[in-house]
Amino acid sequence: MNSKSGLIGWIRNRFAKDVHRAGLFIMDILIVIFCLVMVFALWFMVYSFLEDRDKGYDAYSLQISMGGEHYQTLLEKSNANRAMGIGIRDADYEEYYAVADYFEAFTHFYMYDKAGDAAAEMWQKRMEDAESRMGSLSGEKENIKNWLGIE
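Each value, and the rule that gives it
Residues numbered from 1 in each chain as written. Predicted model: local features only at pLDDT ≥ 70, side-chain atom pairs only at ≥ 80, totals over all residues. Heavy atoms only, no water. Helix = DSSP H or I, 4+ residues; strand = E, 2+ residues; numbered from the N terminus. Buried < 20%, exposed > 50% of the residue type's maximum accessible area, 1.4 Å probe, protein only. Contact = heavy atoms within 4.5 Å. Salt bridge = Lys/Arg side-chain N within 4 Å of Asp/Glu carboxyl O. Phe/Tyr/Trp six-rings, centres within 6.5 Å; stacked < 30°, edge-to-face > 60°. Core = buried A, V, L, I, M, F, W, Y, C linked by side-chain atoms within 4.5 Å. pLDDT = per-residue confidence, 0-100. Arc of directions from axis to C-beta.

Would you mind showing me how to read the overall build of the protein chain here?
Tallying secondary structure elements over the protein chain gives 7 helices and 0 strands in all. For the protein chain, the succession of helices and strands along the chain, N to C, is α-α-α-α-α-α-α. For the protein chain, with 151 residues in total, the buried portion stands at 25%. Taking the contacts inside the protein chain whose residues are at least 6 apart along the sequence as the reference set, 58% of them involve residues at least 24 apart.

What exactly am I supposed to notice about the pattern of salt bridges here?
Once their charged atoms are close, side chains differing in charge can pair, the charge on each being opposite to the other. Within the structure shown, the criterion is met by 6 salt bridges. One network of salt bridges, with partners in common, ties together R82, E94, D101, D129 and R133.

What's the story with the packing of aromatic side chains in this structure? I'm lost.
Within the structure shown, the criterion is met by 8 aromatic pairs. With a centroid separation of 6.3 Å and an interplanar angle of 20 degrees, the aromatic rings of F106 and Y110 are classed as stacked. Taken as a pair, F106 and Y110 lie in helix α5 (residues 91-115) at a separation of 4 residues, close to a single helical turn. Using a relative accessible area of 6% as the deciding quantity, one classes F106 as buried. Taking the relative accessible area as the measure of exposure, Y110 reaches 33% and is therefore partly exposed.

What am I meant to see in the nonpolar core here?
Generally speaking, soluble globular proteins have nonpolar side chains that are buried together. M66, Y71, L74, Y96, V99, Y102 and I144 are the most contacted members of the largest nonpolar core, which has 26 residues in total. Those elements that provide at least two residues to this core are α3 (59-67), α4 (71-84), α5 and α6 (119-133). The leading source of residues in this core is α5, at 11 residues. Residues contacting I144, with those up to four places away along its chain left out, are Y71, V99, Y102, F103 and F106.

Just checking my understanding: could you explain the confidence of the model for the protein chain for this structure?
When pLDDT drops low, the exact placement of atoms in the prediction is not to be read closely. This prediction gives the protein chain a mean pLDDT of 83; 83% of its residues lie at or above 70. Here helix α1 (residues 6-19) is the element of the protein chain with the lowest mean pLDDT, 67, and α6 is the one with the highest, 92.

I keep staring at helix α7 (residues 140-148) and nothing clicks. Help me out?
Working note: α-helix, 3.6 residues per turn, so residues spaced by three or four point in the same direction. Every buried residue belonging to α7 is among E140, K141 and I144, and all of these are buried. Projected down its long axis, α7 carries its buried residues within an arc of 110 degrees, all on one side. Close packing links the buried residues of α7 with α3, α4, α5 and α6. Downstream of α7 by a residue or two, G149 has a phi angle that is positive, lying close to 80 degrees.

This is how it looks when you write it as structure tokens:
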């Protein structure tokens, strides 16, 4: 059987012609390099995601969120940490978690109280519980009210 006949022969002839063209050969090399870079970048992104996904937020990150009056972000970070079991009984985190709980409870209480809903009582109890755990951060109560525009 002749090696230059059929589909395989056509492919060999085609590549043999393209290899002699320097421009196409350089483009082939660049495409291979680009593909390798993309594979490496994808691997690095997946690796970074898997490595960082269970670290949670440290107390400094929670402090920055609270200090910048980003209470909704503080609540999200606190809930994420709790879901991962980070700092649940740690004194460094407890007061920040209490501020986040107070923010959540206060916003719900205010909403349900304005609507005259009975659920306001439940949220008021949660708000009082969070308030009792705030410790040295109890001054944040007024900041939360001011931030929400409530006098």
